[in-house]
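Examination of the molecular architecture
Listed here are the chains, written in short residue letters.
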Amino acid sequence: MLRSLFLLLFCAFVLSANAQNRKYLIYTDENIARLKEQIKTNESVKKNWENQHEHALELIEKKKLRSSDGLLLGLAYRLTGEEKFAKRLKELLFDYASKNTWEGRILLQRDPPWQAGLGTSHTSYDIAVGFDSIYDFLTKSERKELAQRIVTLGIIPAKEDWLDPDKNMHTFDTMGHNWWSACVYMSGFAALAIRDEIPEASNWAKETENYTQEWMNFTGSVLQNKPSTFDKDGGFYESLNYAEYAASQYLLFLSAYKNVWPKATYYQSPILDNLGDFFINTTYYTNGENDFAVNFGDANVHATGERIIKLLWSAGFQKEQYAWYLNQVSNEESRYWKSAEALALMPNLPTLSDSYEPSSHKSHLYEEMGWATMRNSWDDNKTMLAVKSGFTWNHAHADAGSYILFHNGKNLIMDPGSASYLSPLYTEYYCQSEAHNVVFFDGKAQNRNDPYFGNVNSGSLHSLIEGKDFKYLLANATGPYSQILARNYRNFIWVGDVILVIDDLLAYEPGQFEWLLHYNGESNLKGGIDLKIQEDDAKIRVRPLFPETFPPGGERPHDFPENMRLTEKMGYADHKPEISKPYWSISHFEKTARTKFVTAVILENENELPVITRDYGKNYLKVSITQKGETTVVYFNLLADGRLKHRNSQINIEGWETDAYLTVLKFDENADKTDIDNINEVFIGHGSYLRRDSQTLLHSLSKHYTLVENFGTKPSITFDGQANATLTLYNTEKSKSVSFNENTKAVNYDANKKVIQLQIRDNK
């Protein structure tokens, strides 16, 4: 009898010790201890916890709970140790364990049935966290019973649908590129929770981790027009919302995996090193209001990467700029801020100086997925331009060549966003080209089936050049428009307070070209040639320059039919298809097969408005911009738009000899603009040479995109061209080295010709 009693007490002691030594998945001892301290020292965290604690008390009395309610009950128990939370959570766990399935009726009705969609995925996570949170409260038999039901209802269905070689029916791009992550990693997460009860569970979790390299590096499908999952720089093409969703499911699993097995190896992808930067680069920072997001595709314009950054931090990916970002975007009114997960993962961030800003470039090109962002500062309420010309499929809309603009704290040129997938307008409007700032020809743009079937020839972005006060980007939207257009190129030149948008268009036959402009706030064309857009104190002007301006002085279009036409059209508000919202169409009367739309977007600040003039000559267009004591001259060589076959696009424009598609020269405002020694800055876009008065200013045998700042003295060169090239550059001072793509590079100097020469080999 005494021996039996001793054995019983010994077993109870061992079970209690095992529970106390539990390596928790998310609500770890470390996270809980940190949170307890934050509640004592941080007023906002304290208030957040008090609100959540009050809600947890309400859940105890609530009759019917959702599986996600267990996340808060579990945190409340781990934080307070009060068994009333554990008792209610245990009831929830056994309630869900008694169900026949965790999947919804719709997926189960498919042929064959889908056992493990997002319903199973989300419930598996909720139940696994709940089980893990009250592990020490459950008896051994209760743990075993619940673990077996987690296997039956969560893990096995997911493995059979998504992983099992003998049974699975899904691949990495089933239901877009985010379902695989959710369904597989949440089953792996659940396996980690029951590793001590189910002998095979540890191997299941490790098997899940082993597939990570394949998922992250999925290359897409040529036959089915599907892109790769991630851009090499950490971008995710489906949208910011789906980037957050897909990546969060993996990071939750990875954090738990590392918490359970701190010394275990895992796939260390370079994508993870860049993932957080994707959200930093695609956020527009405001002062006193919710920050904005680049909402291409099915995204919310106020989406943030707060969850991803916290999960990255929890998983060990900790950077100063992540701390800066969390300080910038944390919103105490957001849904995520008020979640149990956010509280548990609240990091102790390092203190940064008031002058800190991210070390990243202010502009970034995600070349593989066709996104780019350009900004003039990391400060709040500055200006950011975002451009997309990439894939169309599923959550990625028919928006090749579209752009949006944030200025002075507002989203003035906007993307109409999205709507409920149950709304007919989601397919008929929000996914389609008319809901974006793109070109139309005879009322048509991208094929209307592209969002469903994908586009065989996707758009692309190229040659992002960033200087101190100059930016350039080329968008190629020809592929998605190839059924109606032979050329659809959109160039962006950003100088000071002016962004030039240059559309180079060619159709197969004459027709009517137009471009669309979606905006927020108020917009009108009254008494001048500028279309004004204003929301509160944020203002811009949109001024067409070519083929013509709007009618001068507020004249009636009827009397000036040769000028640009402005037509109001009606669309729908972002995520509110029940609300109509106007947008603009800008067109020219002439029906033609080839045209150039050149438009100035003028950013209104406290400075005087820039003075912009337009001119043209034989085979060229010219725009001059004078602002802040400098004049920037932009030449567009019409011979370089593809109309010549076997001949180079040589032209002499006002004494400047070049073959460049675009030439940009910057001078002091009152300087002699024919004197090469007065050039402060030069850019050539897709050119091989620039000369004047028999003097070579810039030369290479291959065409390239090059910006030279401090021209002629101490040049700083930003070059995008062939990996192997020889560049010759005018310079009045003898130099042994120059700044080349932010690195110091040795050069040879020819004093007789006043040129430096540098050899570029393998982009160095």
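Below you will find a few notes about this structure. (Residues numbered from 1 in each chain as written. Predicted model: local features only at pLDDT ≥ 70, side-chain atom pairs only at ≥ 80, totals over all residues. Heavy atoms only, no water.)

**Here we look at the pattern of salt bridges**
Convention followed: We define a salt bridge as a contact between a side-chain nitrogen of Lys or Arg and a carboxyl oxygen of Asp or Glu at a distance within 4 Å. Secondary structure elements are defined from DSSP: runs of H or I of at least 4 residues count as helices, runs of E of at least 2 residues count as strands, and each element is numbered from the N terminus. Working definition: with a 1.4 Å probe on protein chains only, accessible area under 20% of the residue-type maximum means buried, over 50% means exposed, and in between means partly exposed.
In the structure shown here, the tally under the stated rule is 34 salt bridges. Notably, a salt bridge pairs K410 with E289, separated by 3.4 Å at the nearest N-O pair. Here E289 lies in the loop between β1 (283-284) and β2 (292-293) and K410 lies in strand β7 (residues 410-413), a separation of 121 residues in the sequence. A salt bridge links D536 to K410; its shortest N-O distance comes to 3.1 Å. Here D536, found in the loop between β15 (531-535) and β16 (538-546), pairs with K410, found in strand β7; they are 126 residues apart in sequence, far enough to count as distant. By relative accessible area, D536 is classed as exposed at 53%. By relative accessible area, which is 11% here, K410 ends up buried.

**Points about the sheet that holds strand β10 (residues 470-476)**
Note the cut-off: Two strands pair under a simple rule: DSSP has to find at least two bridges between them. All axes here are fitted lines through C-alpha atoms, helices being fitted over the stretch that makes contact, and every angle between N-to-C directions spans 0 to 180 degrees.
Ordered by their spatial adjacency, eight strands build an open sheet running β9-β10-β11-β12-β19-β16-β15-β14, and the pairing between neighbours is antiparallel. Across the chains shown, the open sheet's two edge strands, defined by having one partner strand only, are β9 (460-466) and β14 (522-524). Geometrically, the sheet is characterised by an average inter-axis angle of 15 degrees between neighbouring strands, direction not taken into account. With 10 bridges connecting them, strand β12 (residues 498-511) and strand β19 (residues 592-603) associate as antiparallel partners. Residue D504 lies in a different strand from β19, and its bridge partner there is K596.

**Here's the deal with the side chain of S124**
The criterion, for reference: Polar contact criterion, stated in full: a pair of N or O atoms within 3.5 Å, where within protein one must be able to donate a hydrogen and the other to accept it, and residues adjacent in sequence count only if both atoms are side-chain atoms. Should any heavy atoms of two residues lie within 4.5 Å, those residues are considered in contact.
Mapped onto the fold, S124 is located in helix α7 (residues 118-133). Given a relative accessible area of 2%, S124 falls into the buried group. Among the polar contacts made by the side chain of S124, one reaches the main-chain carbonyl oxygen of T120 at a distance of 2.7 Å. Excluding residues within four positions of it along the chain, S124 makes contact with W102, G154, M186 and A190.

**Examining helix α14 (residues 306-314)**
With eight of its nine residues buried, α14 lies for the most part within the structure. The set of residues buried in α14 consists of E306, R307, I308, I309, K310, L311, L312 and W313. Elements that come into contact with the buried residues of α14 comprise α12 (240-260), α13 (270-281), α15 (320-329) and α16 (340-344). Taken from the residues just after α14, G316 is the one with a positive phi, measuring 100 degrees.

**Points about the packing of helix α3 (residues 43-61) against helix α4 (residues 69-80)**
The condition that has to hold: In what follows, roughly perpendicular refers to angles from 65 to 115 degrees, roughly parallel to angles under 35, roughly antiparallel to angles over 145, and oblique to any angle outside these ranges. Two helices that cross are described as forming a left-handed crossing if the nearer one is turned anticlockwise from the farther one by less than a right angle, and a right-handed crossing if clockwise. The nonpolar class holds Ala, Val, Leu, Ile, Met, Phe, Trp, Tyr, Cys and Pro. Asp, Glu, Lys and Arg form the charged class, and all remaining residues, Gly among them, are polar.
Two elements in contact, α3 and α4, have axes whose closest approach is 9 Å; the angle formed by their N-to-C orientations is 110 degrees. With respect to each other, α3 and α4 are oriented roughly perpendicular. By crossing handedness, the relation of α3 to α4 is classed as left-handed. Every residue of α4 that contacts α3 at W49, Q52, H53, H55, A56, L59 and I60 is listed here: D69, L72, L73, A76, L79 and T80. Residues belonging to the contact of α3 with α4 are distributed by class as follows: eight nonpolar, four polar and one charged.

**Points about the packing of α7 against helix α9 (residues 179-193)**
At a minimum axis separation of 8 Å, α7 and α9 run at an interaxial angle of 25 degrees. By the angle between their axes, α7 is roughly parallel relative to α9. Here the hand of the crossing between α7 and α9 comes out left-handed. Here L118, S121, S124, Y125, A128, V129 and F131 of α7 come into contact with α9, specifically with W179, A182, C183, M186, F189, A190 and A193.

**Some remarks on the side chain of Q512**
Structurally, Q512 is set in the loop between β12 and β13 (513-517). A residue is classified by how much of its surface remains accessible, and Q512, at 18% relative accessible area, is buried.

**Quick notes on helix α10 (residues 201-210)**
What counts is decided by this rule: Starting at the helix axis, one direction is taken to each C-beta atom, and the arc is that of these directions.
For α10, every residue scored as buried is listed here: A201, S202, W204, A205, T208 and E209. Projected down its long axis, α10 shows its buried positions confined to an angular sector of 160 degrees, all on one face. Relative to its buried face, α10 has exposed residues pointing more than 90 degrees away, namely N203 and N210. Tucked inside the fold, the buried residues of α10 contact α8 (140-162), α9, α11 (212-216) and α12.

In short, geometric facts, not functional conclusions.
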